[in-house]
Amino acid sequence: MARIGVFVCWCGSNIAGTVDVKKVAEEVSKLPYVVYSTDYKYMCSDPGQNMIKEAIKEHRLTGVVVSACSPRMHEVTFRRTVQEEGVNPYMMEMANIREHCSWVHDDMEEATEKAIELVRMAVAKAVELEPMEKIEVPVTKRALVIGGGIAGIQAALDIADGGVEVILVEKSPSIGGKMSQLDETFPTLDCSQCILTPKMVDAAQHPNIKIYSYAELEELDGFIGNFQARIRQKARSVDMELCNGCGDCWNKCPQKKIPSEFEAGMSDRAAIYVPFPQAIPNTPVIDRENCIYFQSGKCGVCAKICPTGAISYDQSDEFITEEVGAVVVATGYDLFNTDVIGEYGYGEIPDVISGLQFERLSSASGPTEGKIVRPSDGKKPEEVAFICCVGSRDDKYGRPYCSRICCMYTAKHAILLHHKSHGSQAYVFYIDVRAGGKGYEEFLRRATEEEGAIYMRGRVSRLYRDNGKVVVKGADTLSGAQIELHCDMVVLANGITASPGAEELARKLSISYDEYGFYSEAHPKLRPVETNTAGIYLAGCCQAPKDIPDSVSQASAAASKVLALFSGDFLTREPNIAEVNPFTCTGCFTCREVCPYDAIDEEEVTVHIDGKKVTRTIARVNLGKCQGCGICCAVCRSNAINLKGTKDLQIFRQIKAFTGSEKEKSDEPVGSKK
Amino acid sequence: MADAETTAKTKKKADRTGFEPHIIGFLCNWCTYAGADLAGTSRIGYPTNIKAVRVPCSGRVDAMYVINALKNGADGVLVSGCHPGDCHYNQGNYYARRRFMILREIFSAMGINPERLQMSWCSAAEGAKWAQIVAQVTEKIRELGPFEGI
Amino acid sequence: MEQLIQEAKKLLEENKVDVVIGYRSSPLPPFTRPAFIRRPEDCEQLVFNCGSVYNLTRYLIGLGEKPAIVVKGCEQRGLVVLEQENMLPRDSYLLIGVGCSGQVDERKLREGGFDRLPEQLSDELMADKCLYCDQHNTPDADIFVGDEVESVEPRTERYAGLDEFFAQDYEELYHHWTEVFSRCIRCYACRNICPLCYCEQCISYVNMPQWLPRSVADNNNYLFHMRRVLCMAGRCIDCGECERACPVDIPLRTLYKRIAQKIEGFFYGYRAGNNREQLPPLQDFNKDDSADFIL
């Protein structure tokens, strides 16, 4: 039989000033199962906690109700107190008579009455509490990082440096990501390749990092600490072991008219290629869709010329399963497709280019070796217009958000133009300039004050070609003047969009995403790197637009989360999870449909019902995945699934205790604890 | 906020006569329960009629809890959770919204005023809103009078 | 029904199924009864006519034999719901489809003192659900027997009269239903005949906690039926078996249909069993669901 002790706290005058604590203690002492009740000035103080311990000993209490502040404040404290006296910590229930009572009411009589009701409800629940043990789940100490851009590389390096093995999966032929395509980086103008390449090399040579390039995640099973990742290694058509990266194949390949992805279409590549000279791994792939051999069966030049016999046309996709305990998603972003903005003529007017194309023009390793020239005739552009917020902060294209990088890279472009193309004039059309990072405002002022960029506030309405020039029509909203500029080149500052396939990957990972396809963090302020699926973390632009420093910070944060997760051999979790009653579960799996965490598995059970053996497929709760929301319980028609710590019976008892016996009508048997 | 405060203060027990509704609130742990805590911390007053049951998520609230609360003497029930999109468990409040939309229709059809079942979104930052909700719900249920069905 | 007999025979002879579930004649209204045919020679007994009112899908769960089953168009929706709820995979039975131009109202046959089925089924004798039927021919049938019924103009609206009835004020409705449910003897026929009530243990039997009081007091009956309305919400296919089986003529469908009507209105035209791919409304959500009632 339950023996409950009730401890009513004064919290100084915080409670006792409005609630007659003596009366509460006295009234609740009359409740069934309550064998002891008392009040004290500060229950959370050492003497207060000792009182509880003494009472547990003296009155052989099986459960404790602390009637004090919010459980969100001191639940942990009092659970520890009872545990120290040998009572299961989950046998402690709190009645919130401070935040929910004394602090919000001022009539003593009414507040006291309400406090008594709240304690009565807590006692009713306490009678039905059950001891619980924390859940321990073993952990596989290996991490999977999806995406080999700067965020993925940083996360992989940090985790690997912590002594943990990392599987790094990159879908393109080389790691490096978007950063490898950039020229110089704001606000310091250090060369992107110069700071990125060493990190790529570090990742490739790190004994704890295994890179799968040209590979994608096919499927993720399991749960925190125990994932199984199925990885599709796409067919490279080149043997990685044999290839020495000499480059004969791509030099001799007869199919050289394929727009290079790395050069943002500013130059061509061969059908067998490495994306860029510093690629890691430095092993080419055959782009089968554009390869003459794969399309017509004739050619085979690369195989003939290869000195090591590394070309392997009959390679096919392979599947590898890796066991990991945590996942960092760092799949990056894509640039807003400017084709959809008809009035800017991108793709039709050759001298209207994207921001990334300008990076390639300006890059010493780019198609023009760093000479900024017009794509149409290769001449030096005298007047260049830069248009901000292309596909950002624009409801028309379903992207009301700010892409966060374009203001700064446009300022950088204006400076680079000034440096590399002497005498050229930059005009920047902006809506608002956002320069919120460290050193960003100073950098912006350098662009306008020292590097001669002319900033005009206003949207550009239309671009069109006239006499070899691009005419920029728009308005300067500060002066109110209509503007018509005849420029040699226009650079569009495309915004950031979620990477293609982001939703599909989210479904594989069971993580959520917002309406734009960016992955949702578990809490927008306090848990910015976790997802709502335990064990899966976010880094970089897959979560939201970010610049490089922010991406790297988040990657390191995600890595530290992974390392913290791996710091013990077991994961310890709160035991408030759902459990299935195998006798009443019908196996309809409605619970599985509503579970946000994919925590319902199938289980074959043989049960004896009415003397007959019956084998059925029923639901089973996955201890590692269940987060204890209880949605499943509320949709179960046979109420065969219940949430520990918030069981139906416990809530029913609270409901009944709420009005006491005033209006009791139930014919339920009285008192479950014999 | 000012409204809620006046309601709480002008409706002191001594000044009132007649019916005081019993209201039970099922509050999600992450948003509304914390919002109610904030109302306390900020000393924003509201009527004493409501008593809270802490649940992990509004999606946890079985329709039968509401029915049983009414059966056991409650005059009104409030289910309150996180705002759409803010659910700690991503989607529990969306399921709850549908569930209680239907339950209210069942109440209407079977002759129980659906207004006895109220639902609200209240975040952990909305202490003042919580006080307002309680005042509003209490007033509503007070107008409906004692629940004498089932 | 020669084709039905021949097909059934073939299925049993070729051992494609263990049992054919259909209808055979009976001397009492509705003049058929369920038939479980296991031998080819017994197939001659099979009939299908306007007295084949029973929803045979009730027998499928836990049958333990491979069946072929005669299912009318309206009842096939129940099979879809059962499939959605993982109770009955589509490949666990063979579906014998039929064309049905309406079924009798068993009660009216009894009251009219009929001693056999009428030659031509008049609208007056027809079950009311058939008057607004939009599924005369079984969809998704493995074998279709007989002629397809050409679509007939519905004579009433599916939800006809409901808005008017439920326009009464709450007090009147409450009194109406408590009075109606005071007739209930808690025989559970409505639940036992329902093709969608398959719980191992109905929660009306569970006593820790006591979800529902068990004694046959008026309010307790009212509560039991409220819970049943909840169970049927978004699932009821309006086959009408509960009302037919009720020994005290409780108009249960008035409530079930009212909720179905509301669900159809709220949740983008959802109708139980119409589309396998569409999740039942209470297991699903839409971020844009109506939020009018939320404070």
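Owing to the predicted nature of the structure, the values given are computational and were not obtained by experimental measurement.

Cut-off values and rules
Residues numbered from 1 in each chain as written. Chains lettered and ligands numbered in written order. Predicted model: local features only at pLDDT ≥ 70, side-chain atom pairs only at ≥ 80, totals over all residues. Heavy atoms only, no water. Disulfide = S-S within 2.5 Å. Buried < 20%, exposed > 50% of the residue type's maximum accessible area, 1.4 Å probe, protein only. Contact = heavy atoms within 4.5 Å. Buried area = accessible area lost by both parts, 1.4 Å probe. Salt bridge = Lys/Arg side-chain N within 4 Å of Asp/Glu carboxyl O. Polar contact = N/O pair within 3.5 Å; in protein donor to acceptor, adjacent residues only side chain to side chain. Helix = DSSP H or I, 4+ residues; strand = E, 2+ residues; numbered from the N terminus. Nonpolar A, V, L, I, M, F, W, Y, C, P; charged D, E, K, R; others polar. Core = buried A, V, L, I, M, F, W, Y, C linked by side-chain atoms within 4.5 Å. Domains from an automatic or database assignment. Pairing = 2+ DSSP bridges. Axes fitted to C-alpha atoms, helices over the stretch in contact; angles between N-to-C directions. Phe/Tyr/Trp six-rings, centres within 6.5 Å; stacked < 30°, edge-to-face > 60°. Lys NZ or Arg CZ within 6 Å of the ring centre and 35° of its normal.

Okay, the state of the cysteines next. Two cysteines joined by a covalent bond between their sulfur atoms form a disulfide. Applying the stated criterion to the full structure yields 2 disulfides over all chains. Paired by a disulfide, A:Cys191 and A:Cys194 hold their sulfur atoms 2.4 Å apart. Taking the sign of the S-S torsion, about 85 degrees here, the bridge from A:Cys191 to A:Cys194 comes out right-handed. Relative accessible area serves as the criterion here: at 25%, A:Cys191 is assigned to the partly exposed category. Paired by a disulfide, B:Cys31 and B:Cys82 hold their sulfur atoms 2.4 Å apart. Note on the B:Cys31 and B:Cys82 pair: the S-S dihedral is about 100 degrees, so by sign convention the disulfide is right-handed.

This brings us to the interface of chain A and chain B. Counting residues at the interface gives 52 residues for chain A, matched by 53 residues for chain B. Buried area between chain A and chain B, summed over both chains or domains, comes out near 4400 Å², and the portion from carbon and sulfur atoms is 54%. Viewed at the interface, chain B and chain A are joined by 4 salt bridges. Between A:Asp648 and B:Arg60 there is a salt bridge, with its nearest N and O atoms 3.1 Å apart. Where chain A meets chain B, there are 15 residue pairs in polar contact (both at pLDDT 80 or more). Those elements that place two or more of their residues in the side of chain A that touches chain B are helix H4 (71–84), helix H5 (98–102), helix H6 (108–127), helix H17 (590–594), helix H18 (631–635), strand E34 (641–643) and helix H19 (648–658) of chain A. Along the lines of polarity and charge, the residues of the side of chain A that touches chain B split into 18 nonpolar, 16 polar and 18 charged.

Now for the nonpolar core. Ranked by size, the top nonpolar core spans 129 residues in total, and within it B:Ile24, B:Phe26 and B:Phe100 carry the most contacts. The element best represented in this core is helix H4 (residues 92–110) of chain B, accounting for 9 residues. Structurally, this core is a two-domain feature, drawing no fewer than three residues from each of domain 1 (2–145) and domain 2 (162–283) of chain C. Those residues in contact with B:Phe26 that lie beyond four places of it in its chain are A:Ile651, A:Ile655, B:Val53, B:Val55, B:Val61, B:Tyr65, B:Val77, B:Leu78, B:Val79 and B:Ser80. In this structure, A:Met179, A:Ile280, A:Val594 and A:Ile631 belong to the second largest nonpolar core, which totals 70 residues.

Residue and element names in this part refer to chain A. Taking strand neighbours across the sheet as the criterion, the 3 strands line up as E11-E12-E17 in an open arrangement whose pairing is antiparallel. Edge positions in the open sheet fall to strand E11 (215–223) and strand E17 (318–324), since each of these has one partner strand only. Taken over all neighbouring pairs, the strand axes of this sheet differ in orientation by 20 degrees on average, direction set aside. The sheet contact formed by E11 and strand E12 (residues 226–233) spans 8 bridges and is antiparallel. Paired with glutamate 216 across the two strands is arginine 232, which belongs to E12.

The next point concerns the interface of chain C and chain B. Taken together, the contact between chain C and chain B spans 40 residues of the former and 39 residues of the latter. The contact between chain C and chain B buries some 3600 Å² in all, and 74% of this surface belongs to carbon and sulfur atoms. A per-residue breakdown of the area chain C buries against chain B is headed by C:Tyr170, C:Phe293 and C:Leu295, which together make up 24% of the total. Our count for the chain C to chain B interface comes out at 2 salt bridges. Ionic pairing is found between B:Glu105 and C:Lys262, a salt bridge with its closest N-O pair at 3.7 Å. Where chain C packs against chain B, one counts 9 residue pairs in polar contact (both at pLDDT 80 or more). Elements represented by at least two residues in the side of chain C that touches chain B include exactly helix H6 (170–182), helix H8 (218–232) and helix H10 (252–266) of chain C. In terms of residues, the side of chain C that touches chain B owes the most to one element, H8(C), which gives 7 residues.

Turning our eyes to something else, we now look at unusual backbone geometry. Cis geometry is adopted by the peptide bond preceding A:Pro187, which originates at A:Phe186 and carries an omega value of -5 degrees. Among the secondary structure elements, A:Pro187 is positioned in the loop between strand E8 (184–185) and strand E9 (190–191). Omega for the peptide link from C:Met208 to C:Pro209 comes to 0 degrees, which places this bond in the cis form. Although it is not a glycine, A:Asp598 sits at a positive phi angle of roughly 55 degrees.

Residues and elements named next belong to chain C. What the domain assignment lists for chain C is domain 1 (2–145) and domain 2 (162–283). Contacts between the two partners involve 26 residues from domain 1, matched on the other side by 28 residues from domain 2. When the two sides are added together, the surface that domain 1 and domain 2 hide from each other amounts to roughly 2200 Å², 44% of it contributed by carbon and sulfur. Of all residues in domain 1, Arg58, Gln84 and Arg107 bury the most surface against domain 2, accounting for 27% of the area lost on that side. The residue aspartate 134 makes a salt bridge to arginine 271 at a minimum N-O spacing of 3.2 Å. When residues of the side of domain 1 that touches domain 2 are traced back to their parent elements, those giving at least two are helix H2 (73–84), helix H3 (106–111) and helix H4 (128–131). A per-element tally of the side of domain 1 that touches domain 2 places H2 first, with 10 residues. Split into classes, the residues belonging to the side of domain 1 that touches domain 2 amount to 9 nonpolar, 5 polar and 12 charged.

So, on to the packing of aromatic side chains. If you walk through the whole model with that rule in mind, you get 29 aromatic pairs over all chains. With a centroid separation of 3.9 Å and an interplanar angle of 20 degrees, the aromatic rings of A:Tyr293 and A:Tyr313 are classed as stacked. In this pair, A:Tyr293 sits in helix H10 (residues 292–296) while A:Tyr313 sits in the loop between helix H11 (301–305) and E17, placing the two residues 20 residues apart along the sequence. A relative accessible area of 30% means that A:Tyr293 is categorised as partly exposed. Accessibility expressed as a relative area gives 16% for A:Tyr313, which makes it buried. An angle of 90 degrees between the planes, with centres 4.9 Å apart, marks the rings of C:Phe165 and C:Phe166 as edge-to-face. Here the aromatic cluster, defined as three or more aromatic residues joined through ring pairs, consists of C:Phe165, C:Phe166, C:Tyr174, C:Trp177, C:Phe181 and C:Tyr222. If you follow A:Lys234 out to its NZ or CZ, it ends over the ring of A:Tyr214, 4.7 Å from the centre. Between the NZ or CZ atom of B:Arg54 and the centre of the ring of B:Tyr33, over which it lies, the distance is 5.5 Å.

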